[in-house]
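What follows is the residue order along each chain.
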Amino acid sequence: MKTASLPATTRLTAPDLEEARQAREAARLFASMAATARRSQSLRLIPDNKASQPVEVPEVAFRMFLEILNQMAQGNAVTLVPTHHELTTQQAANLLRVSRPYFVKLLETGVIPHHRVGSRRRVKFEHLMGYLEKVKGESREALEQLAAQAQELNMGY
């Protein structure tokens, strides 16, 4: 049985130095456009030795493209995953950087919603990201409480 794979838009390697340089330059140029963004942006793509045509791009897609360029400029690999995409338990565990057995326990206790395809568990990407946001929020709240306690106790922080 073949396991579900990430979409074809996945690239698991970081950009090389030249790609990062190109992304940095493009991000700088597009950032000035983003500052004056309307509901959509019109881009002119100029292929080698061919006539170009303007392309209308929704603002949200333009901003996503700018974020992809910014991440690449910093040397980060970028993956574009539809929110409805389903992941195997191993893929989800890898994204959260936890062991698969620990991740399965999260599923079994109902912390993260999932469903079964035959005997295999599948997790929607959007549910995984919802869990991640919840955990980050809880961590942020705990840090704020610790900082407040340190201030109350005059610990010098």
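What you see is a predicted model; the values in this text were computed from it and never measured.

What counts, and where the lines are drawn
Residues numbered from 1 in each chain as written. Predicted model: local features only at pLDDT ≥ 70, side-chain atom pairs only at ≥ 80, totals over all residues. Heavy atoms only, no water. Helix = DSSP H or I, 4+ residues; strand = E, 2+ residues; numbered from the N terminus. Buried < 20%, exposed > 50% of the residue type's maximum accessible area, 1.4 Å probe, protein only. pLDDT = per-residue confidence, 0-100. Expected span 1.5 Å × (residues − 1). Contact = heavy atoms within 4.5 Å. Axes fitted to C-alpha atoms, helices over the stretch in contact; angles between N-to-C directions. Parallel < 35°, antiparallel > 145°, perpendicular 65-115°, else oblique. Left-handed = near helix turned anticlockwise from the far one by under 90°. Nonpolar A, V, L, I, M, F, W, Y, C, P; charged D, E, K, R; others polar.

A. Representation of the environment of Glu-19. Along the chain, Glu-19 falls in helix α1 (residues 17-35). Judged by its relative accessible area of 24%, Glu-19 is partly exposed. The spacing of Glu-19 and Ala-73 is 54 residues in sequence and 7.7 Å in space, taken between C-alpha atoms.

B. Representation of the confidence of the model for the chain in the model. Averaged over all residues, the pLDDT of the chain equals 84, while 79% of them reach at least 70. Confidence, expressed as mean pLDDT per element, reaches its minimum in the chain at strand β1 (residues 40-45) with 60 and its maximum at helix α4 (residues 100-108) with 97.

C. View of helix α5 (residues 125-152). Given a rise of 1.5 Å per residue, 28 residues ought to cover 40 Å, and the 41 Å separating the end C-alpha atoms of α5 matches this to within 8%. For α5, the full list of buried residues reads Phe-125, Leu-128, Tyr-131 and Ala-150. Of the surrounding secondary structure, the elements contacted by the buried residues of α5 are β3 (86-87), α3 (89-96), α4 and β5 (120-124). Looking one or two residues past α5, Asn-154 carries a phi angle of roughly 50 degrees, positive in sign.

D. Here's a closer look at the packing of α3 against α5. The interhelical angle for the contact between α3 and α5, taken along N-to-C directions, is 30 degrees, at an axis separation of 11 Å. Judged by the inter-axis angle, α3 sits roughly parallel to α5. Of the two possible hands of crossing, α3 and α5 adopt the one that is right-handed. The residues of α5 that touch α3, namely those facing Ala-92, Leu-95 and Leu-96, are Phe-125, Leu-128, Tyr-131 and Leu-132. Counted by class, the contact of α3 with α5 contains seven nonpolar, no polar and no charged residues.

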